[in-house]
Amino acid sequence: MKIFNDINELRKHLEIYRTEGKTIGLVPTMGYLHKGHISLVQKSVKDNDITVLSIYVNPTQFGPTEDLDKYPKDLENDKKLAKEAGVDVIFIPTNSVMYLDNHATYVNVDNLTDNLCGKSRPTHFRGVTTIVTKLFNIVQPNGAYFGQKDAQQAIVIKKMVKDLNIPIDIIICPIVRENDGLALSSRNTYLNHEERNQATILYESLQKSKECIKNGEQSATIIKDMIKEMIEEKPSATIDYISIVNEDTLEDIDYFHGNILIALAVKIGQTRLIDNLRMEVI
Ligand code: AMP
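Conventions and cut-offs
- Residues numbered from 1 in each chain as written.
- Predicted model: local features only at pLDDT ≥ 70, side-chain atom pairs only at ≥ 80, totals over all residues.
- Heavy atoms only, no water.
- Phe/Tyr/Trp six-rings, centres within 6.5 Å; stacked < 30°, edge-to-face > 60°.
- Buried < 20%, exposed > 50% of the residue type's maximum accessible area, 1.4 Å probe, protein only.
- Helix = DSSP H or I, 4+ residues; strand = E, 2+ residues; numbered from the N terminus.
- Lys NZ or Arg CZ within 6 Å of the ring centre and 35° of its normal.
- Contact = heavy atoms within 4.5 Å.
- Near = heavy atom within 4 Å.
- Polar contact = N/O pair within 3.5 Å; in protein donor to acceptor, adjacent residues only side chain to side chain.
- Areas by Shrake-Rupley, 256 points an atom, 1.4 Å probe, with all protein chains shown as cover.
- Arc of directions from axis to C-beta.
- Pairing = 2+ DSSP bridges.
- Right-handed = clockwise from strand over helix to strand, strands pointing away.
- Axes fitted to C-alpha atoms, helices over the stretch in contact; angles between N-to-C directions.
- Expected span 1.5 Å × (residues − 1).

Chemist: Requested: an account of the packing of aromatic side chains, with residues and values cited.
Modeler: Applying the stated criterion to the full structure yields two aromatic pairs. Ring geometry for phenylalanine 62 and tyrosine 71: centres 6.0 Å apart, planes at 80°, overall edge-to-face. Taking relative accessible area as the criterion, phenylalanine 62 reaches 8% and is therefore assigned buried. Relative to phenylalanine 146, the ring of phenylalanine 136 lies with its centre 6.5 Å away and its plane at 70°, an arrangement referred to as edge-to-face. Of this pair, phenylalanine 136 sits in helix H6 (residues 124–139) while phenylalanine 146 is found in strand E5 (residues 143–147), placing the two residues ten residues apart along the sequence. Accessibility assignment for this pair places phenylalanine 136 and phenylalanine 146 in one class, buried. Above the ring of tyrosine 190, the side-chain terminus of lysine 70 is found at 4.3 Å from the ring centroid. The positively charged end of arginine 126 is found above the aromatic ring belonging to tyrosine 106, 3.7 Å away from the centroid.

Chemist: So, the environment of alanine 154: which residues are in play, and what are the values?
Modeler: Relative to the helices and strands, alanine 154 resides in helix H7 (residues 151–163). Spatially, the C-alpha atoms of alanine 154 and phenylalanine 91 are 21 Å apart, while their sequence positions differ by 63 residues. Those residues in contact with alanine 154 that lie beyond four places of it in its chain are Gly147 and Ile172.

Chemist: Now, about the site of the ligand: what can you tell me, with residues and values included?
Modeler: In the region of the ligand, 17 residues are neighbours, and Met30, His37, Asp150, Val176 and Leu184 sit closest. In the model, an oxygen atom of the ligand is placed 2.6 Å from a nitrogen or oxygen of the aspartate 150 side chain. Within the backbone of leucine 184, a nitrogen or oxygen atom sits 2.9 Å from a nitrogen atom of the ligand. Across the complex, the protein chains shield 93% of the 480 Å² of accessible surface that the ligand would expose by itself.

Chemist: Which residues make up helix H3 (residues 75–85), and what values do they have?
Modeler: Residues of H3 that are buried: Asp78, Ala82 and Ala85. Relative to the axis of H3, the buried residues are bounded by an arc of 65° and lie together on one face. Opposite the packed face of H3, turned more than 90 degrees from it, sit the exposed residues Glu76, Lys83 and Glu84. Buried residues along H3 sit against helix H2 (35–47), strand E3 (50–55) and strand E4 (89–91). Within two residues after H3, glycine 86 carries a phi angle of roughly 100°, on the positive side.

Chemist: Got a sec to walk through the pairing of strand E6 (residues 169–173)? Specific residues and values, please.
Modeler: In terms of strand pairing, E5 meets E6 through five bridges, oriented parallel. Bridge pairing in E6 links tyrosine 145 to isoleucine 171. Between E5 and its parallel partner E6, the chain crosses via H7, and the hand of that crossover is right-handed.

Chemist: Residues and numbers for the sheet that holds E5, please.
Modeler: Pairing is parallel across the open sheet formed by six strands, whose spatial order is E1-E4-E3-E2-E5-E6. At either end of the open sheet lies a strand with only one pairing partner, and these are strand E1 (2–4) and E6. The mean angle between the axes of side-by-side strands here comes to 25°, regardless of whether they run parallel or antiparallel. The sheet strands contacting H2 are strand E2 (24–29), E3, E5 and E6, and the helix crosses E2 at an angle near 170°.

Chemist: Describe in detail the environment of leucine 277, supporting the description with residues and values.
Modeler: You can see leucine 277 is positioned in strand E9 (residues 271–281). Distance from leucine 277 to alanine 199, taken between C-alpha atoms, is 16 Å for residues 78 residues apart in sequence. In contact with leucine 277, other than residues within four places in its own chain, are Leu206, Gln207, Lys210, Ile260, Leu261 and Ile262.

Chemist: Hey, could you go over helix H1 (residues 7–19) for me, with residue numbers and the actual values?
Modeler: Relative to the 18 Å expected for 13 residues at 1.5 Å per residue, H1 spans 18 Å between its end C-alpha atoms, a close match to the ideal helical length. Tucked inside the fold, the buried residues of H1 contact E1, E2, E3, E4, helix H4 (95–98) and H6. Between a side-chain oxygen at the N-terminus of H1 and the backbone nitrogen of asparagine 8 the separation is 3.1 Å; the capping residue is aspartate 6. Within two residues after H1, glycine 21 carries a phi angle of roughly 80°, on the positive side.

Written out as structure tokens, the structure reads:
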């Protein structure tokens, strides 16, 4: 497994694979790897000859009051897990490598970034689409692997690739969860024991919603109220949003029909967690 911090050296190395006709998969992450990240790596290793993992905590996707400075790090463990999972190349750039002093170019996807996380994190997706575009241009992979855990991010990136004719397949992998349903996240490490127990309410309320919709409930308001009630029973929880949207437009819906996404963002103590559920309602 090779590790690069420098863009030109990484490019030179990847060029060798490319001239040999090898396919390259890219897994972009912010590090502090867990089994969710590893599931993306495993899919890439299965689909491609070479898998590149990037580890970069991208400052432009964090708001001024968010957790950029305390985002968890454990590079040695990341390297170990990456190697075990079959990663061929890790790219770990610094901020000065990724953003020159006079950086002035950003990628914006309109409309799809207005709702859900875009509402409470207004500059977040601009940061994500900019860094992902940069990583795509640096690595030039055949496919890039993202998690359904960040449902809006997945939809926004697919749209960006389509709109900008970027010749990269976007592969979305299922959410990996703990045994009690909590979606794996690097941020789960911030939770104390009590908060960790209460955090399962996101998954539980999504499962309950699925059951109600399957049993014929048609009103999004009723489901949102039910989720709200369940979450508000947990003393550590503060709701950021509970949204039920059309999966193509990410606009709120009143009644269930077609491909829908139920998406939650909830602060448990000081830790903002997200989770979601996709359903096809006929
Ligand atoms: P992050 O390091 O949090 O930016 O995540 C990097 C990638 O891993 C993103 O595409 C995430 O959607 C994905 N990911 C994070 N957590 C999970 C999970 N629990 N299951 C599947 N994918 C995940």
